[in-house]
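Residues per chain are reported as follows:
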Amino acid sequence: MRPTYWILGLATLSIVIGLFMSRDPERAERLSQMYRDAALTGEARQMAIMGLALAIGAFVVYLTMTRR
């Protein structure tokens, strides 16, 4: 089976589960609280964005240096 079908299937499954979870108000509130608890805020968010920017920059430099 092709990886594209796996990715589409998992994306569809996550959307269906998300719709099912958001239908019940109590479950929707718990899910929303879980998202808030897992979110990066303040300095942690800035550090994550800076690390991501450095990783992307390093990857671009790697691709530039290894290309002939």
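Worth saying up front: this structure is predicted, and the values here are computed from it rather than measured.

The number of helices and strands found in the protein chain is 3 helices and 0 strands. When the helices and strands of the protein chain are read in sequence order from the N terminus, they spell out α-α-α. On C-alpha atoms alone, the protein chain measures out to a radius of gyration of 19 Å, which is more than a quarter above the 11 Å that the 2.2 N^0.38 rule sets for 68 residues. Based on the C-alpha atoms only, the size of the protein chain along its principal axes is roughly 55 × 40 × 10 Å.

Below, the discussion takes up the UniProt feature "transmembrane region" (unreviewed entry) in the protein chain. Mapped onto the present numbering, the UniProt feature "transmembrane region" (unreviewed entry) falls at residues 46-65. Along residues 46-65, the helical share is 100% and the strand share 0%, with 28 Å between the first and last C-alpha atoms.

Bringing the environment of Ser-32 into the picture now. When you line up the elements, Ser-32 lands in helix H2 (residues 25-38). With 21 residues separating them along the chain, Ser-32 and Ala-53 place their C-alpha atoms 28 Å apart.

Looking at the element boundaries, Thr-4 is found in helix H1 (residues 3-23). Each C-alpha atom of the pair Thr-4 and Pro-25 lies 34 Å from the other, and the pair is 21 residues apart in sequence.

For the protein chain, the average pLDDT comes to 85, and 96% of its residues sit at 70 or higher. In the model of the protein chain, H2 stands out as the element of lowest mean pLDDT, 82, in contrast to helix H3 (residues 43-66), which has the highest, 93.

Thresholds applied
- Residues numbered from 1 in each chain as written.
- Predicted model: local features only at pLDDT ≥ 70, side-chain atom pairs only at ≥ 80, totals over all residues.
- Heavy atoms only, no water.
- Helix = DSSP H or I, 4+ residues; strand = E, 2+ residues; numbered from the N terminus.
- Rg over C-alpha atoms; globule rule 2.2 N^0.38 Å.
- UniProt positions renumbered as here; feature names shortened; annotations may be inferred.
- pLDDT = per-residue confidence, 0-100.

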